Amino acid sequence: MNQPSTAAISPDEMDRAREVLTTIVGSYGAKVVGQASLRTSLLVALISGGHVLLESVPGLAKTTAAEAIAEAVQASFRRIQCTPDLLPSDIIGTQIYDPRSGSFTTQLGPVHANFVLLDEINRASAKTQSAMLEAMQERQTSIGGENYGLPTPFLVLATQNPIEQEGTYHLPEAQLDRFLIKEVLGYPSIAEEAEIVQRVNAGVYDAGVQHPHVSLDDVLFLQQLVRRVYLDPAILNYIVQAIYVTRHVEQYLPQSLARYVDYGASPRASIAFATVARALAILYGRDHVVPDDVKLFRHQVLRHRLILNFEADADGVSPETIVDAVFGVVQAP
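The protein is annotated in an unreviewed UniProt entry as MoxR-like ATPase of Paramicrobacterium humi. UniProt's Sequence similarities (unreviewed entry) comment on the protein is quoted here verbatim: "Belongs to the MoxR family."

Draft legend 1. Representation of the nonpolar core within the structure. Ile24, Phe115, Ile282 and Phe327 are the most contacted members of the largest nonpolar core, which has 81 residues in total. Examining the composition of this core, we find that ten residues originate from one element, helix H12 (residues 267-283), more than from any other. Apart from residues no more than four positions distant in its own chain, Phe327 is found in contact with Tyr238, Ala242, Phe273, Val294, Lys295, Arg298 and Leu302. Core analysis: the second largest hydrophobic core is formed by 23 residues, Ile80, Leu118, Met136 and Leu176 among them.

Draft legend 2. Looking closely at the packing of aromatic side chains. Evaluated as defined, the whole model comprises three aromatic pairs. Here Tyr244 and Tyr252 contribute two aromatic rings whose centre-to-centre distance is 6.3 Å and whose plane-to-plane angle is 80°, an arrangement assigned as edge-to-face. Judged by its relative accessible area of 37%, Tyr244 is partly exposed. The class for Tyr252 is partly exposed, based on a relative accessible area of 37%. Through a chain of ring-to-ring contacts, the aromatic side chains of Tyr238, Phe273 and Phe327 assemble into a single cluster. Arg16 extends its terminal NZ or CZ atom over the ring of Phe221, reaching a point 4.0 Å from the ring centre.

Draft legend 3. Up close: the domain arrangement of the protein. Looking at the assigned domains, one finds that the protein contains domain 1 (11-200 + 212-220) and domain 2 (229-329). The C-alpha centroid of domain 2 is placed 24 Å from the C-alpha centroid of domain 1. Counting the surface lost from both domain 1 and domain 2, the interface buries some 1800 Å², and carbon and sulfur atoms represent 67% of this. Remark: the boundary between domain 1 and domain 2 carries two salt bridges. Among the salt bridges present, the one from Asp177 reaches Arg268, with a minimum N-O distance of 3.5 Å.

Draft legend 4. Spatial organisation of the environment of Leu176. Relative to the elements of secondary structure, Leu176 occurs in helix H6 (residues 173-176). Of the residues examined, Leu176 reaches a relative accessible area of 11% and is grouped as buried. Separated by eleven residues in the primary sequence, Leu176 and Tyr187 have C-alpha atoms spaced 24 Å apart. Ignoring sequence-local partners within four residues, the contact set of Leu176 consists of Leu53, Leu171 and His304.

Cut-off values and rules
Residues numbered from 1 in each chain as written. Predicted model: local features only at pLDDT ≥ 70, side-chain atom pairs only at ≥ 80, totals over all residues. Heavy atoms only, no water. UniProt positions renumbered as here; feature names shortened; annotations may be inferred. Core = buried A, V, L, I, M, F, W, Y, C linked by side-chain atoms within 4.5 Å. Buried < 20%, exposed > 50% of the residue type's maximum accessible area, 1.4 Å probe, protein only. Helix = DSSP H or I, 4+ residues; strand = E, 2+ residues; numbered from the N terminus. Contact = heavy atoms within 4.5 Å. Phe/Tyr/Trp six-rings, centres within 6.5 Å; stacked < 30°, edge-to-face > 60°. Lys NZ or Arg CZ within 6 Å of the ring centre and 35° of its normal. Domains from an automatic or database assignment. Buried area = accessible area lost by both parts, 1.4 Å probe. Salt bridge = Lys/Arg side-chain N within 4 Å of Asp/Glu carboxyl O.

Here you go:
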């Protein structure tokens, strides 16, 4: 497959990208302690235009992280708490009848923001989940037969709580596939938790505290730069081979692991790898992708796209174990 012809990225453009990213990271780090993998995932999603699924127990700064990244780029931010009685119209908006004028007016929902945090998306009904994910895919909503475009950039961060499953709705695999990456958060270290408490006591998180920021135009600049990063055909072939192996695990992996996999990843996984790898190249100051850009986010790209069976769950075999085995049998260029 031939590489699409794109203009080479100039040194001046790389310098500007580095300055913008440094400012964003500094502003984000002023509020969020630790969680380096989450920071990288949010930056990748921000500059590639993708969406993120976050999984963790409560209290690990998911909302703070989303607000911090939105504030760093001067973007509008909305948080939606998902509940079983949440309706699609509560998210995308609805028409309201005005008896004084005898006409309907359109009230846009909270999804019409640059950053949308869907807290505990698996508590919303399947119909509401579908409406939100359609907005993510189409980048627009339809209200009363009229289409309303979502702002640019548009980033959705959806959270799931893995320890409270009562009253939740399973997110279908086809909908999970719409998320560019899935990040799983762990607890902070002792030093990081002490720093969090000290920052709370010092008022770092109080309203009105300002930090350096960039503009949405800077974000759009980064997004167009990502699309121009060079992806060598050999690395593209590396990506596609890895995805192929996930669909034919019985031919490449030991039977002790292959028996846990029901279905491999779709072509969206290959697209996601190429997108994420380009974004990581920009984050690390390069105008081209290297194999490590693909391997670095192998868990985030594939953990929600591999469909394992009940036996895997019973034996405690994680998707990450299968992903590592897949990349272990595919030779990097």
